[in-house]
Each structure stands twice: as structure tokens, then as C-alpha cells.
Amino acid sequence: MKKNNLILLTMDAVRPDHLSCYGHKKIKTSYIDSIAEEGVLFENCICSSCLTPVSHASILTGNNPHRHKIRDPFCKINSKTLTEILKEQEYATAGFVGINFLSSQAGFNKGFDYFDEPTKESSWNAKGYKGKKSQLETLWGNWWVDRMLKWLKEHASSNFFIWGHYFEAHFLAEKALLYAGKLEKDKLSDYAYYDAKIKYMDEHLFGPLIRVLKELDLYENTTIVITSDHGEKLGPKQPNWEDYYFNYPQHKTMYDYDLKVPFIIKSNGLSRNKRIRHTVRAIDLAPTLIDLLGLSTNFSCDGLSLLPLINGGEFEELTAYSEELFEKRGEGSLQAVRTDTYKLIRNITKQQEEFYNLCTDKEEKNNIIDTTNTKEQSVITKFRGIMQQFLGDYSPDVVIDAEERDEIEESLRALGYIA
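Read on for an overview of the structure. What you are looking at is a predicted structure, and each value in this text was computed from that prediction instead of being measured.

## Considering the pattern of salt bridges
Applying the stated rule across the entire model yields 23 salt bridges. Where Arg-71 meets Glu-323, a salt bridge forms, and the shortest distance between an N and an O atom there is 2.7 Å. In this pair, Arg-71 sits in the loop between α3 (65–68) and α4 (82–88) while Glu-323 sits in strand β12 (residues 320–324), placing the two residues 252 residues apart along the sequence. Across the pair, exposure class does not vary: Arg-71 and Glu-323 are buried alike.

## Considering helix α5 (residues 145–154)
Taken residue by residue, α5 has Val-145, Met-148, Leu-149, Trp-151 and Leu-152 as its buried positions. All buried residues of α5 fall inside an arc of 160 degrees around its axis, so they share one side. Residues of α5 that are exposed and point more than 90 degrees away from the buried face comprise Asp-146 and Lys-150. Structurally, α5 contributes buried residues whose contacts are with β3 (92–96), β4 (114–116), β7 (160–166) and α7 (190–215).

## Comments concerning the packing of aromatic side chains
Overall, the coordinates contain 17 aromatic pairs when judged by the stated rule. Taking 6.4 Å as the distance between ring centres and 40 degrees as the angle between the ring planes, the aromatic pair formed by Phe-108 and Trp-163 counts as tilted. With a gap of 55 residues between them, Phe-108 in the loop between β3 and β4 and Trp-163 in strand β7 connect regions that are remote in the sequence. In this structure Trp-163 comes out as buried when scored by relative accessible area, which is 0%. Taken together, the ring pairs in this structure connect Phe-108, Phe-112, Phe-115, Phe-161 and Trp-163 into an aromatic cluster. Here the guanidinium or amino end of Lys-182 rests over the ring plane of Trp-143, the centre of that ring lying 4.9 Å away. Above the face of the Tyr-219 ring, Lys-214 is positioned so that its terminal group lies 4.9 Å from the ring centre.

## Details of the sheet that holds strand β13 (residues 334–338)
The strand order across the open sheet built from four strands is β12-β13-β14-β15, with neighbouring strands paired in antiparallel fashion. The two strands at the open ends of the sheet, each matched to only one other strand, are β12 and β15 (352–357). Ignoring strand direction, the axes of neighbouring strands in this sheet form an average angle of 10 degrees. Across the sheet, helix α12 (residues 374–391) is in contact with β12, β13, β14 (342–347) and β15; its angle to β14 comes to roughly 50 degrees.

## What about the pairing of β7?
Of all the seven residues making up β7, seven are buried; the element is thus mostly covered by neighbouring parts of the structure. Residues Phe-160, Ile-162, Gly-164 and Tyr-166 of β7 are buried on one face, and the alternating residues Phe-161, Trp-163 and His-165, pointing to the opposite face, are buried as well. Pairing of strand β1 (residues 5–11) with β7 involves six bridges; the strand directions are parallel. Residue pairing across strands places Ile-7 opposite Ile-162, the latter belonging to β7. Taken together, the five bridges between β3 and β7 define a ladder with parallel strand orientation. Directly across from Ala-92, in β7, lies its bridge partner Phe-160.

## Here's the deal with empty space enclosed by the protein
Within this structure, the stated rule accounts for two cavities of 30 Å³ or more. Empty space within the largest cavity amounts to approximately 40 Å³. Lining the largest cavity we find Lys-26, Leu-188, Ser-189, Asp-190, Tyr-191 and Asp-195. Of the residues that constitute the lining of the largest cavity, the class distribution is two nonpolar, one polar and three charged. Taken as a whole, the second largest cavity holds about 30 Å³ of empty space. Around the second largest cavity, the lining residues are Ile-46, Cys-47, Ser-48, Asn-64, Arg-281, Ile-283, Ala-320 and Tyr-321.

## Some details on the environment of Val-54
Tracing the chain through its elements places Val-54 in helix α2 (residues 52–61). Sequence separation between Val-54 and Phe-74 is 20 residues; the distance between their C-alpha atoms is 10 Å.

## Here we look at the layout of surface pockets
There is about 710 Å³ of room inside the largest pocket. Each residue belonging to the lining of the largest pocket can be placed in one class, and the counts come to six nonpolar, two polar and 13 charged.

## Let's talk about the packing of α5 against α7
Orientation of α5 relative to α7, taken along the N-to-C sense of each, is 15 degrees, at an axis distance of 11 Å. Considering their axes alone, α5 and α7 lie roughly parallel with respect to each other. Between α5 and α7 the crossing geometry is right-handed. Across the interface between the two elements, Val-145, Met-148, Leu-149, Leu-152 and Lys-153 of α5 pack against His-204, Leu-205, Pro-208, Leu-209, Val-212 and Leu-213 of α7. Residue composition of the contact of α5 with α7, grouped by class: nine nonpolar, one polar and one charged.

## Description of the nonpolar core
Core analysis: the biggest nonpolar cluster contains 59 residues, and Phe-42, Phe-108, Phe-161, Trp-163, Phe-263 and Leu-306 have the highest contact counts within it. In terms of nonpolar packing, the next biggest core, distinct from the first, is built from 47 residues, Leu-19, Trp-151, Ala-156 and Tyr-166 among them.

Procedures and definitions
Residues numbered from 1 in each chain as written. Predicted model: local features only at pLDDT ≥ 70, side-chain atom pairs only at ≥ 80, totals over all residues. Heavy atoms only, no water. Salt bridge = Lys/Arg side-chain N within 4 Å of Asp/Glu carboxyl O. Helix = DSSP H or I, 4+ residues; strand = E, 2+ residues; numbered from the N terminus. Buried < 20%, exposed > 50% of the residue type's maximum accessible area, 1.4 Å probe, protein only. Arc of directions from axis to C-beta. Contact = heavy atoms within 4.5 Å. Phe/Tyr/Trp six-rings, centres within 6.5 Å; stacked < 30°, edge-to-face > 60°. Lys NZ or Arg CZ within 6 Å of the ring centre and 35° of its normal. Pairing = 2+ DSSP bridges. Axes fitted to C-alpha atoms, helices over the stretch in contact; angles between N-to-C directions. 1 Å grid on protein atoms, 1.4 Å probe; cavity = no way out; pocket = protein on both sides within 12 Å on 5 of 7 lines; lining within 4 Å. Points joined across faces, edges and corners; volume = space filled by probe spheres on them. Nonpolar A, V, L, I, M, F, W, Y, C, P; charged D, E, K, R; others polar. Parallel < 35°, antiparallel > 145°, perpendicular 65-115°, else oblique. Left-handed = near helix turned anticlockwise from the far one by under 90°. Core = buried A, V, L, I, M, F, W, Y, C linked by side-chain atoms within 4.5 Å.

Shown next as C-alpha cells:
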């Protein structure tokens, strides 16, 4: 019996509150909305990191960073991935990624029959950094949509899994899109054309994908999952030059605007047009899909299947853990633990803490770490324990030497990832 196909689309740096299905009024993301209307939308999903490779490793493995071992840009995945499980179940698998931080070198190609990563020809920007022993190129962007649709058509008779990581909503992509005439100059230009890029993505990725799936009579039997690796701090509507390249738009914190992501699942057998407020986590995505697809596997991970929650059963309060330990990128090595009610942020480098009551302070403006009551002190103690447990012996699997690491840091600095 043919199983459901699966398409996972991860949109880089897309905040949920800039999609119209999440209430945004300035643009209409019609195709994403149509998928949400036919599926389940989670209003409060928290990612594992504001750094792309760390967050994607959690999405693909269902594990927190201390288990999958991607904790900065220089690591390699050390957990079984959703792709590997689907490959064992005889799915044809194809991955398409938009920046080479999600590389074969870091293990993101595990389990894929076909893996499409940026090349000099496919990326819209490349910058070289010559060291004493080697030449490093950071490749920005990779317009893989047409190749993905071609692969889909060629494998329409198989059970298939496609992962597409869309980078062109990320900051600096607007330059390439404007130059190519794909965005209209000065239209929706706030926050470095943020809404314009999201609208373009909706029309030129999600629109064609839905049309092709329906033309092939695959739409109903294809599970579609939409999420993002992290959010974005937008800053001023029209940032000055220094802000634009180094401060905004960016994603370097443990606040909700950087950690809250969209999460939508459409699949036959699931409720239609359902919204769930319960806080969930990016690590819950993989076990939910394994459960939803009815796969027989002994897969073990940190996340939980959300099917009982989707189906209206009793479901425990979830605790979300996030980190950004690459201290050169922002204000230091950061950790966060969050529930529906409370959030603790720790800056390990500066030895500082912030504590927020999310019921009364959704925008995280009032740090109450010094004015907590007995109950809140107990919560803080519990959260500190989780942080220490998940920090563990921070010794990621380094896959490059120190000289190459210095060169990559130079490229990250040019991207605005670190100062």
C-alpha cells in the first residue's frame, strides 16, 4: 500500500507574524494560507536555536543540540535523521538547501538520494577568503525551486520525501532579487524588503508546488509541513547602513521574535483549519511525522509526537530549550528555557540572567529576575538545571582545522552574523 508522500519546507528567517494566516495584514500569503486552511496551524512553536545549522539539525533529528552535536557552524550531525528513517522505509529522498552552512560536510545530506546544495553557478553571491593553506567560499542562496519541481515530476510514482530550505527570505537576498527584477524597487521595502521577499516566496515556491502536486494528482496524498529555522529581529523600518549590515534585520538573541517560528501541517486524516495555542517545539516535528506516516521504527529522540494534542487529547505542558553558543556572533553564549508561562534566558559569557512571565509580559520587556516570588524561584531553579544538563560538556564534533575556522569566521563576519 502506497504511503503518504512528505514535503518539508523550511523558510529561513521567516517570522510567523508576517504570514497572513498568522494575522499579518500588510501582505497576503495566499498559498501558504491555503495549506493552513486544510491542515493544523501551531500558534506557538519554539525553535532550538537562532542559528541556522543548529536549528535545522533539531528539526531533522528531533533532538536538542547536546544530542545531535550541531552547536555552531563547525560541527557535524551526530544523530539519526528523519531522512535516514524515510530512506529505510523505501522513500525516494531529495534535499534542496539554500546556503552552504547546511552542507554535506556537516552531514545534512545523510539519507538523501539527491542533495542539491549551493554551487558557484547556482548561488547568487559568493565571496572568497584565501588563507595560508586553502581557499574558502561562502555561497549565498540557491534557487532550487525549478530543479525541485523537475525531481518531483520524475519521482511522482514513488513514495518520496523532499526537504527544501528556502533562503531567499533572508536578509541580503533582497539585493539579488532586486537586481534580477524579481522585486519592485521601493515597494514593500520596509525592513530590507522583508514582506516583499515573503510574498515572492509564497507566489514562486508554494504556488507552483501546489499546482504541480494537483496536476500530478498527488496533493491529497502528500503531507506538507511548513516551518522556519528561526525568526528575525527587524529593527527600524529603514535601517541605516551600519544597522542594515550588522544589527537589523538579524537573529542573534533568545527572545521570542528570534525563536518563535511558523509550524503548519497538512495531511489527509488530520483536522482541517485547526489552530493550536499550546506551546510546541521544533524537536517535536520529526516524531510527529513518523507517527503521522505510520512508520514502524525504533527511533528515539527528545521530541514528542503531537498527534494526541492535534486529536484533542490531554497533553502535558512542554518545556522548550534553545541555545546559541557561538559567542562571537552576538552578545555571548546564550541559553533559554521556556514554557507557556515562564522563560529564563542565560548569557553564560556575561554571567547574566533574565526571567519573564509570558502571561503578563508577552513582549519580554520586564525582567523580573530580582523580584520573583517563591513559586517563580522554584521555576528558575528547575530551568537552571535544564540549562546545565543540556549544556553538558560543550565539545562539538569539529570537522575543520583551526585555520579553516578562522576563514569561516571571516565569511560569517561579512554576512553580518558576527561583529
